[in-house]
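Understanding the architecture of this molecule
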Amino acid sequence: MHNIGFDVAHLLAGSMLCLSFVLLYQDRMTAVLNVFALQAIALSLSVAWQAYIQEAPHLLITAVIAVVMKGFVIPAALHRIVRRLGIHREIEKVIAAGPVMLIGLGLVALSILLVLPVGQSVSLLAREDLAFALAVILLGLLMMITRYNAVTQIVGFMSLENGLVLAATGAKGMPLVVEISVAFSVLIAFIVFGIFVFRIRERFDTVDVGALDQFRGERRDQT
Amino acid sequence: MIPSIPLASAAAAIAEFWAGLPVTPLQAVLIIPAMAVVLLALIPAYRLGALLNVLASGLTFFAGASLLLDPRYRTDILIVDDFNIYLVILTTFVAFTTSIFSASYIGHELETGRLTPRFLRYYHALYQAMTGAMNVALVANNVGLLWVGVEVATLTTVMMVGIYRTPEAVEAAWKYFILGSVGIALAFFGTILVYLVAQEVVGEGLQAMAWDTMRASASRFDPKLLSLAFVFLLVGYGTKVGLAPFHAWLPDAHAEGPTPISAVLSGLLLNVALYALLRFKMILAANAATINVGLILIALGLISLIFAGFMLYRRRDIKRLFAYSSIEHMGVITFAFGMGGPLANFAGLLHMTMHSLTKSAIFFAVGHIAQVKGTQRIADIKGLSASHPVLAVGLALGVIAIAGLPPFGVFTSEFMLLSSTFARQPWLAVALVFGLVVAFGALILRLSDVMFGEASGPPGKIKATYAPLFLHLALVLAAGLWLPEPVVRWFRAVATQLG
């Protein structure tokens, strides 16, 4: 019984990590959003499984929040924004997929090397969960760095937050207040991001963040 | 000397006042901003909003100061101790004075049309949300709640930085948001790690996130995992403090947002983030086998100080100039806490207070200057001493104070830090002096640019109030001349606690 618990937790966290990799090289807006929704569903399954093996029913709330908000509502809203902005067919320039994937692999190795050896006192399951979570967080970060489009940066950020929730639920008995706050912060983040996407569009007629560069800081003094 | 009898009777009167209310001062510090957020969000009229903002901030300050009557409180969720009570009072005080400044500042921005009432709609509500969130972060005993406080305060300031909706403002807000969220995500991961470490020893649930419980049993924590956690916390909260490699958001956010927000960002939010870091440092200090946090803080502090010192020379935008000066002073404070020991910690605490008061005063002055001159470019602000003497005096005093000249309080704290460093690590003291001198030169150079020469720009009159500006400067001056005995005793107690 214990082994099954361990294996399923592994499978689900591992599939989140795989989806993070899939996110890294997607160049079509709709595909990015769909993969993100899949990752959120994997997250909610993972959280639900944690609720079962930790016998912590309150985690189910987090699972439901994850699947409803990040699996359906937010992707649907982003799809709408993307369609309204007319970029749903756009193919985004991504830094060549090969190097990005290699860096991603490096980050996964890094997070395993960081988390697994330390803290023998913490159970192996919690540590492996943490390693997975850290990898998802770092890949989200990588995605934010390598993308130019504000919408994909949003997705990178939310995928990073998926990693955070995975980490929080992997920590046994972590008080609910934090999980709610994470879900809440995602919501706020989404609102803020949504506003910004429109503002950037309004100002620059593009959601390419690269367009912002020409206004950077004091450079305007020289022009 | 302050006669003690009236003081005691005033305290009794205040205690009696609170006894008649259904809330304690601690609850009030959190509830007043929360109620003000709702109220202000419903009021579109900006004049009334500004007035209510001042009122709510004033009441919060009163509640914060009332915490002194009964300074000890703890549950698993909230805590009031010697360390955070002074920061609560400082935060609520500066938030109060800034709200007064903000009222006149915003009025002027509307007149000149830089802001329209439509964009201003939620400004005051956000202001209260920010101060409330900072208060939550400060009085939280639960490290998760601490994180939530910092997170909400960040998001509200992001929205306010972007309020002008110029391309520069949008870019600054975007950068701030991205870097801030990444920072806060890493801080949260660190918090989870700390909880994991703690729950092995303390047991699951709330007490494993309560800061004081953790500190009490920190010696039995797994040192490796605790050290790893601190690295994440350092990068996460360090981003918010604006320490050198993670500072990129700070100058933009300070320069492009409304000046009242620059004042609270610099004077308060950076402090709150540093406070969070120090709380975790205290946990690590209680465990001998962890990494040497002091050394890391010293290195980060020095890098920030020297880097910012040099960056100050190339500034053309006056708000950006003082943003870099904030990085410099955060570096000094971080350095002080990294050195540790009673004297250096004392200096760090004093410097935190003095920097908050001085820097917000400077931003008040800069806000008025930018409004009368219609620009933030240093090259376009000339001859201030001829055109606006009172403002010029305010700015000059502020810059002299922040550059660390006697008799202002910043000098006192820097002097204490220097003498304590010289006694223990002379080479570090040399580096510290070098950084301070570099920054000093830049500030005085830029000040003379602004002060003298042919008066330029429109000689507009200022209707704004100077009261907050000179009140802050007076406090900084008073602290430089004479620190009251209770304050000294109090800082000493915290300094020993910090280790």
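Residues numbered from 1 in each chain as written. Chains lettered and ligands numbered in written order. Predicted model: local features only at pLDDT ≥ 70, side-chain atom pairs only at ≥ 80, totals over all residues. Heavy atoms only, no water.

Time to look at the overall build of chain A. From N to C terminus, chain A includes seven helices and zero strands. Ordered by position from the N terminus, the helices and strands of chain A form the series α-α-α-α-α-α-α. Long-range contacts, defined as pairs at least 24 residues apart, comprise 76% of the intrachain contacts of chain A with a sequence gap of at least 6. (Helix = DSSP H or I, 4+ residues; strand = E, 2+ residues; numbered from the N terminus. Contact = heavy atoms within 4.5 Å.)

If you tally the helices and strands in chain B, you get 21 helices and two strands. In terms of overall dimensions, chain B is globule-like: its C-alpha atoms have a radius of gyration of 22 Å, near the 23 Å expected for 499 residues. The burial tally for chain B puts 63% of its 499 residues in the buried class. Expressed as a percentage of contacts within chain B between residues at least 6 apart in sequence, the contacts between residues at least 24 apart total 81%. (Rg over C-alpha atoms; globule rule 2.2 N^0.38 Å. Buried < 20%, exposed > 50% of the residue type's maximum accessible area, 1.4 Å probe, protein only.)

Moving on: the packing of helix α6 (residues 123-139) of chain B against helix α7 (residues 143-161) of chain B. Residues and elements named next belong to chain B. As a packed pair, α6 and α7 sit with axes 8 Å apart at the nearest point and diverge in direction by 155 degrees. In terms of their interaxial angle, α6 and α7 are classed as roughly antiparallel. Handedness of the α6/α7 crossing: left-handed. Across the interface between the two elements, Tyr 123, Leu 126, Tyr 127, Ala 129, Met 130, Ala 133, Met 134, Val 136 and Ala 137 of α6 pack against Leu 145, Leu 146, Gly 149, Val 150, Val 152, Ala 153, Thr 156, Thr 157, Met 159 and Met 160 of α7. For the contact of α6 with α7, a count of residues per class yields 16 nonpolar, three polar and no charged. (Axes fitted to C-alpha atoms, helices over the stretch in contact; angles between N-to-C directions. Parallel < 35°, antiparallel > 145°, perpendicular 65-115°, else oblique. Left-handed = near helix turned anticlockwise from the far one by under 90°. Nonpolar A, V, L, I, M, F, W, Y, C, P; charged D, E, K, R; others polar.)

Nonpolar side chains in soluble globular proteins generally cluster together in the buried interior. Ranked by size, the top nonpolar core spans 243 residues in total, and within it Phe 189, Tyr 237, Phe 322 and Leu 395 of chain B carry the most contacts. If you tally residues by element for this core, the top one is helix α8 (residues 167-202) of chain B, at 21 residues. Not counting residues within four places of it along the chain, the set of residues in contact with Leu 395 of chain B comprises Phe 322, Ile 362, Ala 365, Val 366, Ile 369, Leu 384, Leu 447, Val 450 and Met 451 of chain B. Counting residues in hydrophobic clusters, the runner-up holds five residues, among them Phe 6, Ala 9, Trp 49 and Leu 125 of chain A. (Core = buried A, V, L, I, M, F, W, Y, C linked by side-chain atoms within 4.5 Å.)

Let us now look at a nonpolar patch on the surface. Together, Val 64, Val 68, Phe 72 and Val 73 of chain A give the surface a local cluster of nonpolar side chains, amounting to about 350 Å² of exposed area. Secondary-structure assignment places Val 64 of chain A in helix α3 (residues 59-85). (Patch = residues over 30% accessible without salt bridge, like charges linked within 9 Å, V, L, I, M, F, W, Y side chains within 5 Å. Areas by Shrake-Rupley, 256 points an atom, 1.4 Å probe, with all protein chains shown as cover. Salt bridge = Lys/Arg side-chain N within 4 Å of Asp/Glu carboxyl O.)

Residue and element names in this part refer to chain B. Counted under the stated rule, the structure contains seven salt bridges over all chains. Asp 212 is the partner of Arg 74 in a salt bridge, and the nearest nitrogen-oxygen pair spans 2.1 Å. Of this pair, Arg 74 sits in strand β1 (residues 73-74) while Asp 212 is found in helix α9 (residues 211-216), placing the two residues 138 residues apart along the sequence. Salt-bridge contacts for Asp 252 lead to Lys 175; the nearest nitrogen and oxygen are separated by 2.8 Å. A residue pair is termed long-range when its members are at least 10 positions apart, and Asp 252 in helix α11 (residues 249-256) and Lys 175 in helix α8 qualify at 77 residues. One network of salt bridges, in which partners are shared, links Lys 175, Asp 252, Glu 256 and Arg 320.

Let us look at the packing of aromatic side chains. All names here are of chain B. The tally for this structure, following the rule as stated, stands at 21 aromatic pairs over all chains. Measuring from ring centre to ring centre gives 6.1 Å for Phe 61 and Phe 96, while their planes differ by 15 degrees; the resulting arrangement is stacked. With a gap of 35 residues between them, Phe 61 in helix α3 (residues 46-66) and Phe 96 in helix α4 (residues 82-112) connect regions that are remote in the sequence. Note on Phe 61: relative accessible area 22%, which makes it partly exposed. Geometrically, the ring pair formed by Tyr 86 and Phe 491 is edge-to-face, given 5.0 Å between the ring centres and 65 degrees between the ring planes. (Phe/Tyr/Trp six-rings, centres within 6.5 Å; stacked < 30°, edge-to-face > 60°.)

The periodicity of an α-helix, 3.6 residues per turn, causes residues three or four places apart in sequence to face the same way. If you check α3 of chain B, its first and last C-alpha atoms are 30 Å apart, about what 21 residues at 1.5 Å a residue would give, namely 30 Å. Those residues of α3 of chain B that fall on the buried side of the exposure criterion are Gly 49, Ala 50, Asn 53, Val 54, Ala 56, Ser 57, Gly 58, Thr 60, Ala 63, Gly 64 and Ser 66 of chain B. (Expected span 1.5 Å × (residues − 1).)

This part is about the side chain of Thr 154 of chain B. Residues and elements named next belong to chain B. Looking at the secondary structure, you find Thr 154 in helix α7. Owing to a relative accessible area of 4%, Thr 154 belongs among the buried residues under this scheme. A distance of 3.3 Å separates polar atoms of two side chains, one belonging to Thr 154 and the other to Lys 240. Setting aside its immediate chain neighbours within four residues, Thr 154 contacts Tyr 176 and Lys 240. (Polar contact = N/O pair within 3.5 Å; in protein donor to acceptor, adjacent residues only side chain to side chain.)

The next subject is the environment of Met 339 of chain B. Residues and elements named next belong to chain B. With respect to the element layout, Met 339 can be found in helix α14 (residues 318-339). Overall, Met 339 belongs to the buried group, its relative accessible area being 9%. Taking C-alpha positions, Met 339 is 17 Å from Phe 230, a pair spaced 109 residues apart along the chain.

Examined against the element boundaries, Leu 274 of chain B turns out to sit in helix α12 (residues 259-285). Non-local contacts of Leu 274 of chain B, meaning those with residues more than four positions away in its chain, are made with Val 241, Ile 333, Thr 334, Phe 337 and Met 352 of chain B.

All names here are of chain B. With respect to the helices and strands, Thr 290 occurs in the loop between α12 and α13 (293-311). A polar side-chain atom of Thr 290 sits 3.2 Å from the main-chain carbonyl oxygen of Leu 284. The residues contacting Thr 290, other than those within four sequence positions of it, are Pro 223, Leu 226, Ser 227 and Leu 284.

Looking now at α14 of chain B. All names here are of chain B. The end-to-end C-alpha separation of α14 is 32 Å, in line with the 32 Å expected for 22 residues at 1.5 Å each. Counting buried residues in α14 gives 22 out of 22 residues, a clear majority hidden from the surface. Where α14 begins, the capping side chain belongs to Asp 317, and its oxygen is found 2.9 Å from the backbone nitrogen of Lys 319. Positive phi appears at Gly 340, one or two residues downstream of α14, with a value of about 70 degrees.

What follows deals with the confidence of the model for chain A. Residue and element names in this part refer to chain A. Here chain A shows a mean pLDDT of 78. Residues at 70 or above account for 73%. Of all secondary-structure elements in chain A, the lowest mean pLDDT belongs to helix α7 (residues 176-204), at 63, while helix α2 (residues 29-53) reaches the highest, 90. Scored below 50 in pLDDT, residues 216-223 makes 18 contacts in the model with residues more than four places away or belonging to other chains. (pLDDT = per-residue confidence, 0-100.)

All names here are of chain A. Relative to the helices and strands, Leu 33 resides in helix α2. Separated by 118 residues in sequence, Leu 33 and Val 151 have C-alpha atoms that sit 9.2 Å apart. Beyond its immediate chain neighbours, meaning those up to four positions away, Leu 33 contacts Pro 75, Leu 78, His 79, Val 82 and Val 155.

Two quantities define a packed helix pair, namely the angle between the helix axes and the distance between the axes. Residues and elements named next belong to chain A. Between α2 and α3, whose axes approach to 7 Å, the crossing angle comes to 175 degrees. What the angle tells us is that α2 and α3 run roughly antiparallel. Of the residues contributing to the contact of α2 with α3, the split by class is 19 nonpolar, seven polar and one charged.

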